[in-house]
Amino acid sequence: MTIAIFAAAKPSIGYAQEGVRFFLERLRPLGKVELRYVKDGSSKDVSARLLAASEGWLRIAMDERGECWTTRVFERKVRDWQLHSVKRVAFLIGAADGHTEDLRRESGHVLSLSAMTMQHELALVVLLEQIYRVQTLLAGSPYHRD
C-alpha cells in the first residue's frame with residue numbers, strides 16, 4: 001500500500017522543513033510514503049488541485065472538524081485497508097483557509113489531528129509522525145507506548 005500526503009505548498013518554516021525531512025527519512029525503510037505538493041492559493045483552488053491530484057486514491061481530508069482517531073484506531077484503519085487491498089491512501093492537507101465542502105464530501109474520511117485549529121505546516125509534521133508511529137506498530141517496533 002502506498003500512503004501519500006498531498007499538501008498545499010512546501011513548508012517555508014524551518015522547524016517544519018526539518019520535521020518533514022526527519023520523518024520521511026525514518027519512514028523510508030518502513031513502507032512506501034510519498035509527499036506531494038500542489039500550488040497554494042484560495043481554498044477553492046487548492047481543494048480542486050488536491051481532488052485532481054488524488055483521483056483514484058482513498059482520500060483522507062485533514063480538517064479540525066473531522067473525527068479524532070487514537071494512534072491505535074489509526075493502526076486498525078491501516079490494517080483494515082491492507083486487508084481489503086486498498087492500494088493508495090492520500091491524506092489531504094489544505095492551505096490556510098482549509099478545505100471546501102466538496103473536498104470533504106469526496107473524501108472517505110475527514111480526520112482531525114486536534115480539536116484545535118492547527119497551522120498547516122505543523123499539521124504536516126504531526127501527520128508524518130503519526131504515520132511513522134503506525135508504521136512502527138505494524139513492524140513490531142517498540143517506538144509506540146500505550
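To be clear, the structure that these remarks concern was listed above.
Residues numbered from 1 in each chain as written. Predicted model: local features only at pLDDT ≥ 70, side-chain atom pairs only at ≥ 80, totals over all residues. Heavy atoms only, no water.

1. What to know about the nonpolar core
So, step 1. Ile5, Phe91 and Ile131 are the most contacted members of the largest nonpolar core, which totals 25 residues.
So, step 2. Grouped together as the second largest cluster of nonpolar side chains are 14 residues, Trp57, Ala90, Ala95 and Leu103 included. (Core = buried A, V, L, I, M, F, W, Y, C linked by side-chain atoms within 4.5 Å. Buried < 20%, exposed > 50% of the residue type's maximum accessible area, 1.4 Å probe, protein only.)

2. Some remarks on a nonpolar patch on the surface
So, step 1. There is a patch of nonpolar side chains on the surface, built from Ile13, Tyr15 and Leu122 and spanning about 250 Å² of accessible area.
So, step 2. Residue Tyr15 is classed as partly exposed on the basis of its relative accessible area, which comes to 44%. (Patch = residues over 30% accessible without salt bridge, like charges linked within 9 Å, V, L, I, M, F, W, Y side chains within 5 Å. Areas by Shrake-Rupley, 256 points an atom, 1.4 Å probe, with all protein chains shown as cover. Salt bridge = Lys/Arg side-chain N within 4 Å of Asp/Glu carboxyl O.)

3. Let's talk about the pattern of salt bridges
So, step 1. Counted according to the given criterion, the structure contains 13 salt bridges.
So, step 2. Measuring nitrogen to oxygen at the nearest pair gives 3.0 Å for the salt bridge that ties Arg21 to Glu18. Taken together, the residues span about one helical turn, with Arg21 and Glu18 both in helix 1 (residues 14–27) at a distance of three residues.
So, step 3. For Glu129, the salt bridge identified is with Arg133, shortest N-O distance 2.8 Å. Here the residue Glu129 and the residue Arg133 both occupy positions in helix 5 (residues 120–139), the gap between them amounting to four residues, near one helical turn.
So, step 4. Several salt bridges converge on common partners, so that one network encompasses Asp63, Arg65, Glu101 and Arg104. (Helix = DSSP H or I, 4+ residues; strand = E, 2+ residues; numbered from the N terminus.)

4. Regarding the sheet that holds strand 4 (residues 88–93)
So, step 1. Pairing in this open sheet of five strands is parallel, and the strands run 2-1-4-3-5 from one edge to the other. Across the chains shown, the open sheet's two edge strands, defined by having one partner strand only, are strand 2 (32–38) and strand 5 (109–112). Put simply, the sheet's adjacent strands are angled 30 degrees from each other on average, direction ignored.
So, step 2. Taken together, the six bridges between strand 1 (residues 2–8) and strand 4 define a ladder with parallel strand orientation. The partner of Phe6 across the bridge, within strand 4, is Leu92. (Pairing = 2+ DSSP bridges. Axes fitted to C-alpha atoms, helices over the stretch in contact; angles between N-to-C directions.)

5. Thoughts on the pairing of strand 3 (residues 58–68)
Two faces make up the sheet, and in a regular strand the side chains alternate between them.
So, step 1. Where strand 3 lies against strand 4, four bridges are found, and the strand directions are parallel. Bridge assignment links Leu58 to a residue of strand 4, and that residue is Val89.
So, step 2. With respect to chirality, the unit in which strand 3 leads through helix 3 (residues 71–83) into the neighbouring parallel strand 4 is right-handed.
So, step 3. Strand direction decides the pairing type here: strand 3 and strand 5, joined by five bridges, are parallel. Paired with Ala61 across the two strands is Val110, which belongs to strand 5. (Right-handed = clockwise from strand over helix to strand, strands pointing away.)

6. Focus: the pairing of strand 2
So, step 1. Sheet topology note: the strand 1/strand 2 ladder contains seven bridges and is parallel. Within strand 2, the position partnered with Thr2 by the bridge is Lys32.
So, step 2. Handedness of the crossover joining strand 1 and strand 2 through helix 1 is recorded here as right-handed.

7. Re the layout of surface pockets
So, step 1. One number sums up the size of the largest pocket: a volume of about 330 Å³.
So, step 2. As for the largest pocket, its lining consists of 21 residues, and the residues nearest its centre are Met62, Asp63, Glu64, Thr117 and Met118.
So, step 3. Where the lining of the largest pocket is concerned, the elements lending two or more residues are strand 3, strand 5 and helix 5.
So, step 4. A per-element tally of the lining of the largest pocket places strand 3 first, with four residues.
So, step 5. Looking at side-chain class alone, the lining of the largest pocket contains nine nonpolar, eight polar and four charged residues. (1 Å grid on protein atoms, 1.4 Å probe; cavity = no way out; pocket = protein on both sides within 12 Å on 5 of 7 lines; lining within 4 Å. Points joined across faces, edges and corners; volume = space filled by probe spheres on them. Nonpolar A, V, L, I, M, F, W, Y, C, P; charged D, E, K, R; others polar.)

8. Remarks on helix 2 (residues 43–53)
So, step 1. For helix 2, the full list of buried residues reads Ser43, Val46, Ser47, Leu50 and Leu51. An end-on view of helix 2 places all buried positions within 135 degrees of arc, on one side of the element. Among the exposed residues of helix 2, those pointing more than 90 degrees away from its buried face are Lys44 and Ala52.
So, step 2. Next to the buried residues of helix 2 lie strand 1, strand 2, strand 3, strand 4 and helix 4 (101–105). (Arc of directions from axis to C-beta. Contact = heavy atoms within 4.5 Å.)

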